[in-house]
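Residue-level structure breakdown
Now for the letters of each chain:
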Amino acid sequence: MPKRAHATEGLEEGKLHPAKRLRASQASPEAVVEANSSQFTGTETVTSSATAGERPSITTVISWNAETSAPFLDTHPRKLASYGITSSATKGDKPNVLRQLITRHHFPDFVCLQEVRGRHGDTEWIAALAAAANGAEGPKYKAYTSLNRATRGARHFGVVTFAKDPSQVAVAREVEWDVEGRVMVLEMHDGWALINVYALNGSEYPWVDQSAPNKPTGKTRNQRKREFNKLLLEEVKQMQARGLRVVLIGDFNISLTKRDCYPRLRTEYPHALARKEFNEVVIPQAGVVDIFREVHGDKKGFSWFAKGKPQGTDCARVDYALVDRSLVDNVAEIAYLEDQEERAHSDHAPILLKLRDMDKIEQLD
DNA sequence: ATGCCAACTAAGAGTTGA
């Protein structure tokens, strides 16, 4: 049975609506201004190829494995009422680090979070999460959540994609093959799709299918991890067959090559096999590119930093953007926001991705 | 290089996370 995301009312599935296409340059004037400023990123901005007098429209995406959303919301009902769900710039005397991230980066068009750790039925919690991106000033984001369907146990996994301009979104949906809250798909009127992913962290513990929690699957989480990646590949192929260009972003829990790890790549069999399949099957068959490597070559870049250790002594690049080959020339910037301030409480650094002219991509259909 | 740990849920132990 199809599972609908939370904020998808009024959206039709399956078909895009080119007639309703919206120019991103009209929708996001802040993003266009931001294209000329790398003040907060500390990275070089790729020079625009636009001709003089023509300013490229820029779509900015930030992806962050927040590890937990607790620091920017409060799930206790009394606390929710006390600060009011519409005003979450601060939670009590604690700063809202999500709001700070979004503000510091001039209100990106999309914000993808992973490991937000809520359950599908947590109505008040979901309202608090949706409110956490919005303050008194700035745009009001719409939140599209995919959350664990489990009714028992700890709150784990969960992704949310915040959209500054929901009118760009033709379809917001989860996927048929996941009930853990690991994938949020936004299909845009402009012919591309933003896929927010929190892939499995492998282990030899059994994998429990939360759609039938009492029935043993006979699979380990390492096995399900590889199965998840194959299912994601099939999902991508189906979307491409419908004419969509894909941008996958999030935490894939796989380091792709030796240079993506310090001090060393995990070479134990389950990790090595998952990596091999991802590199040799998933990425090539999906026709996507690890855009950080494409743009920056061998440059160091890490997205995960071991807790309790000095930064840089134990780290890996497991979060990345996998961009459709046909969109490589649309990429204006890709960077990891590795500073402690950017990571806040999380052991993961946010990813900053800027795409130009996404309102002008060639329609395949 | 994780799981001896820490955090979480939900009422005791089980699950998760580079």
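Residues numbered from 1 in each chain as written. Chains lettered and ligands numbered in written order. Predicted model: local features only at pLDDT ≥ 70, side-chain atom pairs only at ≥ 80, totals over all residues. Heavy atoms only, no water.

Put simply, the test is: UniProt positions are given in the numbering used here, feature names are shortened, and annotations may be inferred rather than shown by experiment.
In the nomenclature of an unreviewed UniProt entry, chain A corresponds to DNase I-like protein from the organism Heliocybe sulcata. Listed in UniProt under the heading Sequence similarities (unreviewed entry), the comment for chain A reads: "Belongs to the DNA repair enzymes AP/ExoA family."

**What about the UniProt feature "binding site: Mg(2+)" (unreviewed entry) in chain A?**
Note the threshold: Every residue pair with non-hydrogen atoms within 4.5 Å of one another is taken to be in contact. Secondary structure is summarised from DSSP: a helix means a run of H or I of at least four residues, a strand means a run of E of at least two, and numbering begins at the N terminus for each. Pairs of N or O atoms within 3.5 Å make up the polar contacts considered here, provided that, within protein, one atom can donate a hydrogen while the other can accept it, and that residues adjacent in sequence are counted only when both atoms are side-chain atoms.
This chain's UniProt record puts "binding site: Mg(2+)" (unreviewed entry) on Asn 65, Glu 115, Asp 251, Asn 253, Asp 347 and His 348. These annotated residues cover 284 residues of sequence, and their C-alpha atoms all fall within 12.9 Å of one another, placing them together at a single site. Residues in contact with Asn 65, not counting those within four places in the same chain, are Gln 114, Glu 115, Tyr 198, Asp 251, Asp 319, Ser 346 and His 348. For Asp 347, the location among the structural elements is in the loop between α9 (340–343) and β17 (351–356). For Asp 347, the residues in contact, after removing those within four places along its chain, are Glu 67, Ser 303, Trp 304, Phe 305 and Lys 307. In this structure the side chain of Asp 347 is engaged in a polar contact, spanning 3.3 Å, whose partner is the side chain of Trp 304.

**Points about the sheet that holds strand β13 (residues 304–305)**
To be explicit about the condition: Pairing between two strands is assigned when DSSP locates at least 2 bridges connecting them.
Here three strands make up an open sheet; going across it, the order is β11-β14-β13 and the pairing antiparallel. Each end of this open sheet is capped by a strand with a single partner; those strands are β11 (261–262) and β13. The pairing of β11 with strand β14 (residues 315–316) spans two bridges and is classified as antiparallel. Opposite Tyr 262, over in β14, you have Cys 315 as the bridge partner.

**Things to note about the nonpolar core**
Nonpolar side chains in soluble globular proteins generally cluster together in the buried interior. The criterion, for reference: Note on terminology: a nonpolar core comprises buried Ala, Val, Leu, Ile, Met, Phe, Trp, Tyr and Cys residues joined through side-chain atoms within 4.5 Å. Between buried and exposed lies partly exposed: a residue is buried under 20% and exposed over 50% of the maximum accessible area for its type, with that area taken using a 1.4 Å probe on protein chains only.
In terms of nonpolar packing, the biggest core is built from 61 residues, with Trp 192, Leu 194, Ile 195, Leu 248, Phe 278, Ile 291 and Leu 353 touching the most fellow members. Phe 72, Ile 102, Phe 107 and Trp 125 belong to the second largest nonpolar core, which has 26 residues in total.

**Structural notes on the sheet that holds strand β12 (residues 288–290)**
The criterion, for reference: To get an axis, a line is fitted to the C-alpha atoms, and for a helix only the part in contact is used. The angle between two axes follows their N-to-C directions and goes from 0 to 180 degrees.
Pairing within the open sheet is mixed, and its six strands lie in the order β7-β8-β9-β10-β15-β12. Across the chains shown, the open sheet's two edge strands, defined by having one partner strand only, are β7 (169–173) and β12. Strand after strand, the sheet turns through a mean of 15° between neighbouring axes, direction not considered. Bridge count for strand β10 (residues 245–251) against strand β15 (residues 319–324) is five bridges, and the pairing is antiparallel. Across the sheet, the residue bridging to Leu 248 is Leu 322, located in β15. Packed on one face of the sheet, helix α6 (residues 221–241) meets β7, β8 (183–188), β9 (192–198), β10 and β15 and runs near 170° to β9.

**Some thoughts on the protein's contact with DNA strand B**
Quick reminder of the rule: Throughout, near means a residue has at least one heavy atom within 4 Å of the molecule or strand. Residues are sorted three ways: Asp, Glu, Lys and Arg are charged, Ala, Val, Leu, Ile, Met, Phe, Trp, Tyr, Cys and Pro are nonpolar, and all the rest, Gly among them, are polar.
The full set close to DNA strand B counts 24 residues, and Arg 221, Ser 255, Arg 264, Arg 266 and Val 318 are the nearest of them. In the environment of DNA strand B, a sugar or linking oxygen lies 2.2 Å from a nitrogen or oxygen atom belonging to the side chain of Arg 264. Residue His 348 places a side-chain N or O atom 3.0 Å away from a phosphate oxygen belonging to DNA strand B. Among the residues making up the surface near DNA strand B, the classes are represented as seven nonpolar, seven polar and ten charged.

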